[in-house]
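Structural overview for review
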Amino acid sequence: MDTGIDLSNIEAVVFDFDGTLAETRIDFAKMRRLTIELLQRWGVWEDGMAEDKYVLDIIKAGRENLGSDPEKVAQFEAEADEVLEQVELETCATAEPFPGVVEALQELHENGLKVGIVTRNCRVGVASVTSRYHLYHDLLSTRDDVTRVKPDPDHLAQALKQIGVEPQRAVMIGDHITDVQGAEGLGVMTIGVLTQKTTREEFEQIGADAVFPDVPSVVAAIIEARKQP
Ligand SMILES: [Mg+2]
């Protein structure tokens, strides 16, 4: 298969988690409701705050209404983290890897490639899925492990440093444009997979080096490329 990219020198494959390796359906409506309740409890809720905003933006707006008492802010942030984590954990409790993903990661390992997972999800939630299904990985880096999380390229840069592979010898694979943005300026090859809502056109517009249907098809292409003389 001609993929249009040279995968023959790849030594590390880094994956996004949600929607790439596993089917996870985070209950954003519930996350939103619990967040609004949190802000109401803290007396920082204002009508109209939830209009067209992500949960993280609602939390940020609530934090801005708190004032500058650092203890108060820290406590509020801790409670907000708990809300997100509670919903994510419920999601991960039922999450399953996509077909062929367990075997694909194992095959990368058996072929001497390093496997990384870089995610905005929480460590406990993702680790519960990777251990339940024996998803092979050399490194799991979640939002709990870094100060600057994806799409900040520092998240991926730190992960590669830990794995010990040069960016030019790595590929980042994800289901969302933020996975491509998270590799910007690093010299890491990027591949989009069509397992969620992002389209081929959207991946190409953002500058992904290649687009594949899913993780097993990318892994097959990487293994195949290494066999070429
Ligand atoms: Mg994803």
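Residues numbered from 1 in each chain as written. Predicted model: local features only at pLDDT ≥ 70, side-chain atom pairs only at ≥ 80, totals over all residues. Heavy atoms only, no water.

Focus: the coordination of the magnesium ion
Ligation of the magnesium ion by protein atoms is provided by Asp 16 (OD), Asp 18 (O) and Asp 175 (OD), these donors lying 2.1 to 2.2 Å from the ion. Taken in chain order, the donor set of the magnesium ion reads D-x1-D-x156-D. In terms of burial, Asp 16 and Asp 18 fall into one category: buried. (Donors = N, O, S within 2.8 Å, 3.2 Å for Na, K, Ca; no water. Buried < 20%, exposed > 50% of the residue type's maximum accessible area, 1.4 Å probe, protein only.)

Focus on helix H6 (residues 153-163)
Regarding H6, the residues found buried are Asp 154, His 155, Leu 156, Ala 159, Leu 160 and Ile 163. For H6, the elements touching its buried residues are strand E1 (12-15), strand E4 (114-118), strand E5 (139-141) and strand E6 (170-174). Two residues or fewer past H6, Gly 164 is found with a positive phi of approximately 85°. (Helix = DSSP H or I, 4+ residues; strand = E, 2+ residues; numbered from the N terminus. Contact = heavy atoms within 4.5 Å.)

Concerning the sheet that holds E6
The 6 strands lie next to each other as E5-E4-E1-E6-E7-E8, forming an open sheet whose pairing is parallel. With one partner strand each, in any of the chains shown, E5 and strand E8 (210-212) form the two edges of the open sheet. Direction aside, neighbouring strands of the sheet carry axes that sit 25° apart on average. As judged from the 4 bridges shared by E6 and strand E7 (residues 189-193), these two strands associate in the parallel manner. By the bridge assignment, Val 171 is partnered in E7 with Met 189. (Pairing = 2+ DSSP bridges. Axes fitted to C-alpha atoms, helices over the stretch in contact; angles between N-to-C directions.)

Let's talk about the pattern of salt bridges
As enumerated under the stated definition, the model contains 12 salt bridges in all. Its salt-bridge partner being Arg 123, residue Asp 145 comes within 3.1 Å of it at the nearest N-O pair. One end of the pair, Asp 145, is in the loop between E5 and H6; the other, Arg 123, is in helix H5 (residues 123-133), and 22 residues separate them in sequence. Overall, the relative accessible area of 32% leaves Arg 123 in the partly exposed class. Here Asp 152 makes a salt bridge to Arg 148, at a shortest N to O gap of 3.9 Å. Taken together, the salt bridges that share partners define one network made up of Asp 16, Lys 150 and Asp 179. (Salt bridge = Lys/Arg side-chain N within 4 Å of Asp/Glu carboxyl O.)

Points about the environment of Ala 22
Examined against the element boundaries, Ala 22 turns out to sit in strand E2 (residues 22-23). With 74 residues separating them along the chain, Ala 22 and Glu 96 place their C-alpha atoms 5.4 Å apart.

Points about unusual backbone geometry
In this structure, the amide linkage connecting Lys 150 to the following residue, Pro 151, adopts the cis form with an omega of 10°. With respect to the helices and strands, the residue Pro 151 is situated in the loop between E5 and H6.

Focus on the pairing of E1
The side-chain alternation of E1 yields two buried faces, one formed by Ala 12 and Val 14 and the other by Val 13 and Phe 15. Of the pairings in the sheet, the one linking E1 to E4 comprises 4 bridges and is parallel in character. What sits directly across from Val 14, in E4, is Gly 116. Pairing of E1 with E6 involves 4 bridges; the strand directions are parallel. Its bridge partner lying in E6, Val 13 is registered against Val 171.

What about helix H2 (residues 55-64)?
Taken together, the buried positions of H2 are occupied by Val 55, Ile 58, Ile 59, Ala 61 and Gly 62. Taken around the axis of H2, the buried residues stretch over an arc of 160°, which confines them to a single face. Summarising the contacts, the buried residues of H2 are in contact with helix H1 (28-41) and helix H3 (70-92). (Arc of directions from axis to C-beta.)

Observations concerning the side chain of Asp 179
Along the chain, Asp 179 falls in helix H7 (residues 177-181). On the basis of relative accessibility, which here comes to 3%, the residue Asp 179 falls in the buried class. When near neighbours in sequence (up to four residues on either side) are disregarded, Asp 179 contacts Asp 16, Lys 150, Met 172 and Gly 174.

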